[in-house]
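Coordinate inspection notes
Each chain, letter by letter, is given below.
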Amino acid sequence: MEPTLKMEPILKVEDISKSFPGVVALDKVRMDLREGEVHALLGENGAGKSTLMKILSGVYQPDRGRITFKGNPITFSSALDSQKAGISIIYQELNLIPHLSVAQNIFLGKEPLKWGFHINDKKMNAAAEKILGGLNTHLDPRSLIKNLAVSKQQMVEVAKALSNNSEVLIMDEPTSALTGAEIEELFRVIRTLRSQKVGIIYISHRLEELKSIADRVTILRDGQYISTDNYADLNMGEIVKRMVGREMKNKFPEKKAKPSNKVILEVKDYQRRGETALASFSLRSGEILGVAGLMGAGRTELARAIFGADPVSGGELRVDGKPVVVKTPRDAIRNGIGYLSEDRKSFGLALGMQVKENITMAFLEEVSSRSGRIYKSREKEVAERFIQRLNIRTPSISKAVKNLSGGNQQKVVIAKWLFRNAKILFFDEPTRGIDVASKFSIYELMDQLAASGAGVIMISSDLPEILGMSDRIMVMCQGRIAAIFDRSEATQEKILQKAAGL
């Protein structure tokens, strides 16, 4: 039985506005949340979702507007204020300490004590076990976080929020790194929370998930409130139309690139150090080669090895028919190979640096003198050219890249490799955490790259994306290549069978 939702909201925001230098992030936005409700907050990257959530969690203070919590006006001057009031947020990048245990993370900063100064581990482990049991999640509270799967770590984040007696839980892209089975486990926990009358604000770009859990949907666009409706009253086309401001008839662009017969990358018997599996495949000019597989299949590991980020113990690489030796990423870059990491914030961008610096960092010799002095005018010209070409939404080329939306950050990484003239590009989970319109834009860029003669290797856990964009599909299982399908013969069933080792 689903809980009966109270019509009176537990949390209400009215006319919330927030500006940053050169950007109006929120303009008179409103939203409310009811007890025991899952309320989806949707919008493109840059629509204002994260800013609104940071206001609700006390990270930012609004310029104008009102927040009412349990019927009383309230202001938060810090994240601690918000937590004490009963509002917790689980960010897309989990906020746990790997070398501490489950219980230590749940009760960090509020550990039960004995004798006034010594942590009472027995009491803390028992309390953690009780909270986890209430979620029907059976985890050993003494387990170290670093030894847990991402899905289990997410349950620890939920338990940590509940240890604060939270009545409102904000989930920001909670399924972006989860497999199908792990997503179902998370949804089970969400339903348990609903039955306990916890109100949940759920942010996700995976719109197909909403039918399993969402009660209502609020949509933002360009920092402005668009609508709030019962999820059952909307269809997917209408949701997307409101998010992007126009109708999107196709999920994928019409492919313009046609693979040629020219092989630009040949991988033969490639072997990562410490593993027994050998990998052999080829990539043609103008081709998008999709790489599918279950989590842990070795897709990213193979890409990192070819790029020189991980050591190899054997095998051969040929670029344009010529043998090349790649021991470091510098070697790969010199041979025209680029890699867009699945974790763009850790490995693809220098978050504290400016947009222009991120775009030019892989090819500094083109914008600097022999002595290393950067030509500012040249750097500016390059950055402005790629910002216009890729339609990167940023107030200026001097904006810190950490302040851009996820979709625009991804475009900055693409611009970096375009400027470097990379002809072989690995796209690892290229649309993870990116809205539907930005996804389409990334797909168009990939097709344009292929049409210009480059070769694209796209690693993705999204099977519709793999089927919609790939010319051929390479399936990996337990570190080895299990099958390679042509686009015309590939189906989800065939891919899943090979991915599962059947």
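Think of each chain on its own: its residues are numbered from 1, step by step along the sequence as written. Only residues with pLDDT of 70 or above have their local features reported here, since the model is predicted, and side-chain atom pairs are shown and tallied only from 80 upward, although totals for entire chains, interfaces and linings are computed over all residues. For the side-chain quantities, the full set of heavy atoms in the structure was used; hydrogens and water were omitted.

1. Looking at the side chain of lysine 411
Considering the arrangement of structural elements, one finds lysine 411 in helix 14 (residues 406-419). For the buried lysine 411, no salt bridge is present, and the opposite-charge side chain at shortest range is glutamate 444, 7.8 Å distant. Of note is the side chain of lysine 411, whose polar atom sits 3.2 Å from the side chain of serine 441. Contacts were defined at the residue level, with two residues in contact if any of their heavy atoms lie within 4.5 Å. Residue contacts for lysine 411: discarding those within four places in its chain leaves Leu390, Asn391, Ile392, Ser441, Ile442 and Leu445. Counting from the N terminus, the helices are DSSP H or I runs at least four residues long and the strands are E runs at least two residues long. In this scheme, a residue with accessible area under 20% of its type's maximum is buried, one over 50% is exposed, and one in between is partly exposed, where area comes from a 1.4 Å probe on protein chains only. The charge count includes Lys and Arg as positive and Asp and Glu as negative, but it does not include His or the ends of the chains. Definition used for salt bridges: Asp or Glu carboxyl oxygen within 4 Å of a side-chain nitrogen of Lys or Arg. In protein, a polar contact means a hydrogen-donor-capable atom and an acceptor-capable atom, both N or O and within 3.5 Å, with residues adjacent in sequence counting only if both atoms are side-chain atoms; elsewhere, any N or O pair within 3.5 Å suffices.

2. Brief notes about helix 6 (residues 180-195)
Helix span, expected: 1.5 Å multiplied by one less than the number of residues in the helix. For helix 6, spanning 16 residues, the distance from its first C-alpha to its last is 23 Å, which sits close to the expected 22 Å at 1.5 Å a residue. Along helix 6, the positions that sit buried rather than exposed are Glu182, Ile183, Glu185, Leu186, Phe187, Val189, Ile190, Thr192, Leu193 and Arg194. Looking at the buried positions of helix 6, the neighbouring elements they touch are strand 3 (38-42), helix 4 (121-134), helix 5 (150-163), strand 9 (168-172), strand 10 (199-203) and helix 7 (210-213). Looking at the residues trailing helix 6, positive phi occurs at lysine 197, about 70 degrees.

3. Some details on the packing of aromatic side chains
The relative placement of two aromatic rings is captured by the distance of their centres and the angle of their planes. We call Phe, Tyr and Trp rings a pair once their centres come within 6.5 Å, taking the six-membered ring for Trp, and we label the pair stacked below 30 degrees between planes, edge-to-face above 60, and tilted otherwise. Across all of its chains, the model carries seven aromatic pairs by this definition. A ring pair is formed by phenylalanine 20 and tyrosine 60, whose centres lie 5.2 Å apart and whose planes are at 65 degrees; its orientation type is edge-to-face. Linking phenylalanine 20 in strand 1 (residues 9-20) with tyrosine 60 in the loop between helix 1 (49-56) and strand 4 (64-69), this pair joins segments that are 40 residues apart in sequence. For the ring pair phenylalanine 386 and phenylalanine 419, a centre distance of 6.1 Å and an interplane angle of 65 degrees mean the geometry is edge-to-face. Of this pair, phenylalanine 386 sits in helix 13 (residues 376-389) while phenylalanine 419 sits in helix 14, placing them 33 residues apart in sequence. In this structure phenylalanine 419 comes out as buried when scored by relative accessible area, which is 5%. One aromatic cluster is present, formed by Phe307, Tyr339, Trp417 and Phe426 through successive ring pairs.

4. With respect to the side chain of aspartate 310
Considering the arrangement of structural elements, one finds aspartate 310 in the loop between helix 9 (299-306) and strand 16 (312-319). Exposure remark for aspartate 310: the relative accessible area of 15% places this residue in the buried category. Within polar-contact distance, the side chain of aspartate 310 engages the side chain of arginine 272 at 3.4 Å. In terms of polar contacts, aspartate 310 uses its side chain to reach the side chain of arginine 304, at 3.0 Å. Sequence-distant contacts of aspartate 310, that is, excluding residues within four places in its chain, are made with Arg272, Glu301, Arg304 and Ala305.

5. Topic: the pattern of salt bridges
Any two side chains of opposite charge can pair if their charged atoms end up close together. This model, assessed by the stated rule, comprises 28 salt bridges. Between lysine 160 and glutamate 157 there is a salt bridge; the shortest N-O distance is 3.5 Å. Residue lysine 160 and its partner glutamate 157 are located together in helix 5, separated by three residues, close to a single helical turn. Judged by relative accessible area, which is 4%, glutamate 157 ranks as buried. A salt bridge links arginine 472 to glutamate 287, with the nearest nitrogen and oxygen atoms 2.5 Å apart. Here arginine 472, found in strand 21 (residues 472-477), pairs with glutamate 287, found in the loop between strand 14 (279-284) and strand 15 (288-292); they are 185 residues apart in sequence, far enough to count as distant. Look at arginine 472 and you get buried, because its relative accessible area is 12%.

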